[in-house]
Amino acid sequence: MYGFYYYDYNYFLYMLLTMGISMYAHFKVQSTFNKYSKIRCERGITGAEAAETVLSGNNVSDIHIGKIRGRLSDHFDPRDNTISLSDAVYSNTSISAVGVAAHEAGHAVQHTKGYTPIKIRQALVPIAQFGSGISIPLVFIGLLLPIQYSFMVNLGIFLFSMAVLFELVTLPVEFDASRRAVKSLENLGILNNEELYGVKKVLKAAAFTYVAAAFTSILSLLRLLLIARRKN
């Protein structure tokens, strides 16, 4: 049974599925981060100090570590070699703070060492940003127009697929940054085994948000392909 403009009522099931996955991923990372934010590291090292130690332990220099507003807004910007840590991470001595800061330092190490997936992701940034913004409007404008304008649908799907590709390439980048973080924290003796377990839990929860985003994007792409097929 079909609804309005090539939508069947299974669309609502799709929406519930994607919303459920996204909400669970958000809940998981928030609850795990909060749990280990209450546990102070034995050595009393801050997030900023942990990031600096991971960088120096991997022979990476010329990286600025600064503070940024927001919660879980931590990131590494390769354009100016800056690691930005949120208030809950920068000067905090919790397991969560150290894990997140080390993870961002892991991205800086990837960039310096020439890790191939991060190069691919950086190359995809412009088209992924453009595609994610214009692809859906293009598809649905094309659906409303006569069949000779189907090229707009195909163009929209192609641009959206570039955004999906970006999400997929992000996965190995994030997994590897976490791997580098945990390995450095262990090898440099920054955390004990119990604290390392907590860091792994925090980083796995964070990684799941990227898995959820990629899965949702793939479902959206499949949905667009099915709609386009119906149009044709």
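These numbers were taken from a predicted model, which means no experiment stands behind them.

(A) Highlighting the side chain of Gln110. Here Gln110 lies in helix α4 (residues 95-113). Accessibility expressed as a relative area gives 0% for Gln110, which makes it buried. A polar atom in the side chain of Gln110 sits 2.9 Å from the side chain of His107. Leaving out residues up to four positions away in the same chain, Gln110 has contacts with Tyr115, Ile118, Val173, Asp176, Ala177 and Arg180.

(B) Up close: a positive patch on the surface. Taken together, the side chains of Lys28, Lys35, Lys200, Lys201 and Lys204 make up a positively charged region of the molecular surface. Tracing the backbone shows Lys200 in helix α7 (residues 193-231). Overall, the relative accessible area of 40% leaves Lys200 in the partly exposed class.

(C) Structural view of helix α2 (residues 47-57). Among the residues of α2, Gly47, Ala48, Ala50, Ala51, Val54 and Leu55 are the ones counted as buried. With its buried residues spanning 165° around the axis, α2 presents them on a single face. In the core, the buried residues of α2 are packed alongside β1 (64-68), β3 (82-86), α3 (87-90), α4 and α6 (150-187).

(D) Geometry of the side chain of Thr216. For Thr216, the position within the fold is in helix α7. Thr216 sits in the buried class, given a relative accessible area of 17%. Within the structure, the side chain of Thr216 is placed 2.9 Å from the backbone oxygen of Ala212, a separation counted as a polar contact. Aside from chain neighbours lying at most four places away, what touches Thr216 is Tyr14, Thr18 and Ser22.

(E) Just the pattern of salt bridges, in detail. Scanning the entire structure with this criterion turns up four salt bridges. Arg79 serves as the salt-bridge partner of Asp77, at 2.8 Å between the closest nitrogen and oxygen. In this structure Asp77 comes out as buried when scored by relative accessible area, which is 14%. A cluster of three or more residues bridged by salt bridges with shared partners is formed by Asp176, Arg179 and Arg180.

Conventions adopted
- Residues numbered from 1 in each chain as written.
- Predicted model: local features only at pLDDT ≥ 70, side-chain atom pairs only at ≥ 80, totals over all residues.
- Heavy atoms only, no water.
- Helix = DSSP H or I, 4+ residues; strand = E, 2+ residues; numbered from the N terminus.
- Buried < 20%, exposed > 50% of the residue type's maximum accessible area, 1.4 Å probe, protein only.
- Polar contact = N/O pair within 3.5 Å; in protein donor to acceptor, adjacent residues only side chain to side chain.
- Contact = heavy atoms within 4.5 Å.
- Patch = residues over 30% accessible without salt bridge, like charges linked within 9 Å, V, L, I, M, F, W, Y side chains within 5 Å.
- Areas by Shrake-Rupley, 256 points an atom, 1.4 Å probe, with all protein chains shown as cover.
- Salt bridge = Lys/Arg side-chain N within 4 Å of Asp/Glu carboxyl O.
- Lys, Arg positive; Asp, Glu negative; His and termini not counted.
- Charge placed at Lys NZ, Arg CZ, Asp CG, Glu CD.
- Arc of directions from axis to C-beta.

Worth remembering: the numbers are spatial, not functional.
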